[in-house]
Amino acid sequence: MRVAILDDYFDTLRTLRCFEKLAGHEVAVYNDHLEDVDELAARLRDREALVLIRERTQIRAPLLERLPQLRLISQRSVYPHIDIDACTRLGVMVCSNMHAGTPSVAAAELTWGLVLAGARQIPQQMGSLRAGKWQMGVGATLSGKVLGIYGYGRIGRVVAGFGRAFGMHVQVWAREASLDRAVQDGHTASESKRAFFEACDVLSLHMRLLDATRGIVTAEDLARMKPSALLVNTSRAGLIEPGALAGALRAGRPGMAAVDVYEQEPLSPGDDPLLAMDNVVCTPHIGYVTREEWELQFADIFDQVNAFAAGAPINVVNPEVLQRARSS
């Protein structure tokens, strides 16, 4: 098949062992990022399969309608960036391994790195040292503090384990079934959302972005946090009400934040007020960006390409396309 891979910024995929899985295909790898539909349509006009790196490029109807050769989109995990209805209408199969039961350890590790960076002001201390100064402030110890996990799924569970290893008291707020799992794991279920935000010294978000969770963290919630508290978001920016986090940080509750996700990605200078705030640690959506994680993810993604090419597609999101093909 003629395969296109988008948004491989550092040309990493060709260096992975799993890339050999695509040896039987004609593969074009693009290292830049395009948003213009005309440019994307010109680039992809003869491609039969499209490999996506998570949500870096939006795949909507105006683009899909200009790609008559496209038959497959292969990726991993959730797909809010893909117009599934348009794909189904146009006969484009979407395959995405949801990797049930296997957390992204890379994302959990980055979350904990941001917890430490925020609590000990590591980037700010580095900046002070490089500016020719010595210490710029006093950080906080994590042991004995309250770690709040909002959303006790696969990644949240791993982060809770990190907190326990650091001597923190873990509190959880989530759906009832998730709260039950947290209690079974030895953590404390908060009595209410209000009590949860008031109690946490570190609060980390771990939910998927759905209609039901968009804006689930409000300005009112943030205003209940301690002035010394740290909010960490490595999940999705849309979980927080637009503009609420920047406003809350200016007001001093919470006192700090560490974020890896933004409403608009990739960011340019001036796109997000968080980038200019001294009490925020920002990273450019690198939660899943490690070589080891990519070996896992793209082995699955490339297997999906090969399965489709062999006439036995797997992890099909829109089976209507498959049924239509079999009946024609």
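The rules behind the values
- Residues numbered from 1 in each chain as written.
- Predicted model: local features only at pLDDT ≥ 70, side-chain atom pairs only at ≥ 80, totals over all residues.
- Heavy atoms only, no water.
- Pairing = 2+ DSSP bridges.
- Helix = DSSP H or I, 4+ residues; strand = E, 2+ residues; numbered from the N terminus.
- Contact = heavy atoms within 4.5 Å.
- Axes fitted to C-alpha atoms, helices over the stretch in contact; angles between N-to-C directions.
- Parallel < 35°, antiparallel > 145°, perpendicular 65-115°, else oblique.
- Left-handed = near helix turned anticlockwise from the far one by under 90°.
- Nonpolar A, V, L, I, M, F, W, Y, C, P; charged D, E, K, R; others polar.
- Expected span 1.5 Å × (residues − 1).
- Salt bridge = Lys/Arg side-chain N within 4 Å of Asp/Glu carboxyl O.
- Buried < 20%, exposed > 50% of the residue type's maximum accessible area, 1.4 Å probe, protein only.
- Arc of directions from axis to C-beta.
- Polar contact = N/O pair within 3.5 Å; in protein donor to acceptor, adjacent residues only side chain to side chain.

**Let's talk about the sheet that holds strand S10 (residues 230–233)**
Through backbone hydrogen bonds, the strands of a sheet pair up, either in parallel or in antiparallel fashion.
Here comes step 1: Spatially, the seven strands line up as an open sheet ordered S8-S7-S6-S9-S10-S11-S12, and their pairing is parallel. The sheet is open, and its two edges are formed by strand S8 (188–189) and strand S12 (280–282), each paired on a single side.
Here comes step 2: Bridge count between strand S7 (residues 169–173) and S8: two bridges; the pairing is parallel. What sits directly across from Gln171, in S8, is Thr188.
Here comes step 3: Each of S10, strand S11 (256–259) and S12 touches helix H10 (residues 244–251); the most contacted strand, S11, lies at about 150° to it.

**Digging into the sheet that holds strand S1 (residues 2–5)**
Here comes step 1: The five strands are arranged S2-S1-S3-S4-S5 in an open sheet whose pairing can be described as parallel. Each edge of the sheet is formed by a strand with only one pairing partner; in this case those strands are strand S2 (26–29) and strand S5 (93–97). Strand-to-strand, the axes of this sheet are offset by a mean angle of 20°, without reference to chain direction.
Here comes step 2: Sheet analysis places S1 next to strand S3 (residues 49–51), joined by three bridges and oriented parallel. Within the sheet, the bridge partner assigned to Ala4 lies in S3 and is Leu50.
Here comes step 3: Along the sheet, helix H11 (residues 291–309) contacts S1, S3, strand S4 (72–76) and S5; its crossing angle with S4, the most-contacted strand, is approximately 155°.

**Brief notes about the packing of helix H4 (residues 105–119) against helix H6 (residues 154–165)**
Here comes step 1: Contact geometry for H4 and H6: axes closest at 9 Å, N-to-C directions at 45°. One element, H4, and the other, H6, form an angle in the oblique class. For the crossing formed where H4 meets H6, the hand is right-handed. Contacts between H4 and H6 pair Ala107, Ala108, Glu109, Thr111 and Trp112 from the former with Ile155, Val158, Val159, Phe162 and Gly163 from the latter.
Here comes step 2: A per-class count over the contact of H4 with H6 returns seven nonpolar, two polar and one charged.

**Looking at H11**
Here comes step 1: The terminal C-alpha atoms of H11, which comprises 19 residues, lie 26 Å apart, in line with the 27 Å expected from a rise of 1.5 Å per residue.
Here comes step 2: Looking at the buried side of H11, the elements it contacts are S1, S3, S4, S5 and H4.
Here comes step 3: Positive phi appears at Gly311, one or two residues downstream of H11, with a value of about 85°.

**Notes on the pattern of salt bridges**
Here comes step 1: In total, this model carries 18 salt bridges according to the counting rule given.
Here comes step 2: For the salt bridge of Arg157 with Asp185, the shortest nitrogen-to-oxygen distance reads 2.8 Å. Remark: Asp185 occurs in the loop between helix H7 (176–184) and S8 and Arg157 occurs in helix H6; sequence separation between them is 28 residues.
Here comes step 3: Owing to a relative accessible area of 22%, Asp185 belongs among the partly exposed residues under this scheme.
Here comes step 4: Across the salt bridge formed by Asp221 and Lys193, the nearest N and O atoms sit 2.8 Å from each other. Taken together, the positions of Asp221 in helix H9 (residues 219–223) and Lys193 in helix H8 (residues 193–199) put the pair 28 residues apart, joining distant regions of the chain.
Here comes step 5: Asp221 gets classed as buried once you look at its relative accessible area, which sits at 5%.
Here comes step 6: Look at the salt bridges and you will find they share partners, linking Lys193, Glu220, Asp221 and Arg224 into a network.

**What about helix H1 (residues 37–44)?**
Here comes step 1: The complete set of buried residues in H1 reads Leu40, Ala41 and Leu44. Burial along H1 is one-sided: seen end-on, the buried residues are contained in an arc of 100°.
Here comes step 2: Buried positions along H1 lie against S1, S3 and helix H2 (61–64).
Here comes step 3: Among the residues of H1, the N-terminal cap falls to Asp36, whose side-chain oxygen and the backbone nitrogen of Asp38 are separated by 3.0 Å.

**Here's the deal with the environment of Ile314**
Here comes step 1: Along the polypeptide, Ile314 turns up in the loop between H11 and helix H12 (319–327).
Here comes step 2: Expressed as a C-alpha distance, the spacing of Ile314 and Trp134, which sit 180 residues apart in the sequence, is 56 Å.

**Overview of unusual backbone geometry**
Here comes step 1: Across the junction of Arg253 and Pro254, the peptide omega takes the value 0°, indicating a cis bond.
Here comes step 2: If you trace the backbone, Pro254 turns up in the loop between H10 and S11.
Here comes step 3: Going from Glu265 to Pro266, the amide bond is cis rather than trans, its omega being -5°.
Here comes step 4: With respect to the helices, strands and loops of the structure, Pro266 is situated in the loop between S11 and S12.
Here comes step 5: Positive phi values are uncommon outside glycine, yet Gln121 reaches one of about 55°.
Here comes step 6: In this fold, Gln121 is placed in the loop between H4 and helix H5 (122–130).

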